[in-house]
Amino acid sequence: RPYLANITDKNILQGATWHHYYGDGSTWKVADFMNVQTLDSFVSAANQAIGIAKDYGKGVPIILGETGSGYNGYENALA
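These figures come from a predicted structure and were not determined experimentally.

Colleague: Explain the packing of aromatic side chains to me, using residue names and the numbers behind them.
Modeller: The description of an aromatic ring pair uses the distance of the two centres, along with the angle that the planes make with each other. Summed over all chains, the structure comprises two aromatic pairs. An angle of 40° between the planes, with centres 5.6 Å apart, marks the rings of Trp-18 and Phe-42 as tilted. Placement of Trp-18 in strand β1 (residues 16-21) and of Phe-42 in helix α2 (residues 36-57) is noted, with a sequence separation of 24 residues between them. On the accessibility criterion, Trp-18 (15% relative accessible area) is buried. Consider the rings of Trp-28 and Phe-33, whose centres lie 4.8 Å apart with planes at 80°: the pair is edge-to-face. Trp-28 sits in the buried class, given a relative accessible area of 10%. By relative accessible area, which is 23% here, Phe-33 ends up partly exposed.

Rendered as structure tokens:
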């Protein structure tokens, strides 16, 4: 959001795409993939995306463009 703070036209967005990853897959263990609090982070991230779209786009469509369990690859045993 910090880079959006300088926008004066609050209706500038025509659509919003966001990506969500649960964490750094290269450091995760099996338990991390099954942690409910980790999985619930999706809800928080989705609400943040919705808030940004409301603040800067007034009802524009929001597209989940990319998601995955983790970024940065995985340990061999988890891949």
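Next comes the rest of the description.
Colleague: Describe α2, and please don't skip the residues or the numbers.
Modeller: The end-to-end C-alpha separation of α2 is 32 Å, in line with the 32 Å expected for 22 residues at 1.5 Å each. Residues Thr-38, Ala-45, Ala-46, Ala-49, Gly-51, Ile-52, Ala-53, Tyr-56 and Gly-57 constitute the buried set of α2. Buried residues along α2 sit against β1, α1 (30-33) and β2 (62-68). Put simply, Asn-35 is the residue that caps the front of α2, since its side-chain oxygen is 2.7 Å from the backbone nitrogen of Gln-37. Of the residues flanking the end of α2, it is Lys-58, one or two places downstream, whose phi is positive at about 50°.

Reading the values: the criteria
For every chain, the first residue of its written sequence is number 1, and the numbers climb from 1 along that sequence. Note on the predicted model: pLDDT of at least 70 is required for a residue's local features to be given, and 80 or more for side-chain atom pairs to be given and counted; whole-chain, interface and lining totals, by contrast, use all residues. The basis for the side-chain values is all heavy atoms of the structure; hydrogens and waters are excluded. Ring geometry is summarised as follows: Phe, Tyr and Trp rings, the Trp one being its six-membered ring, pair when their centres sit within 6.5 Å, and such pairs are stacked at plane angles under 30 degrees, edge-to-face over 60 and tilted between the two. Each helix is a run of H or I in the DSSP string that is no shorter than four residues. Each strand is a run of E no shorter than two, and both are numbered from the N terminus. Three labels apply to residues, based on accessible area from a 1.4 Å probe with only protein chains included: buried if under 20% of the type maximum, exposed if over 50%, partly exposed otherwise in between. Expected span of a helix, by definition, is 1.5 Å for each gap between consecutive residues, and there is one gap fewer than residues. For this analysis, residues touch if any pair of their heavy atoms sits within 4.5 Å. Polar contact is the term for a pair of N or O atoms within 3.5 Å; when the atoms are in protein, one must be able to donate a hydrogen and the other to accept it, and sequence-neighboring residues count only if both atoms are side-chain atoms.

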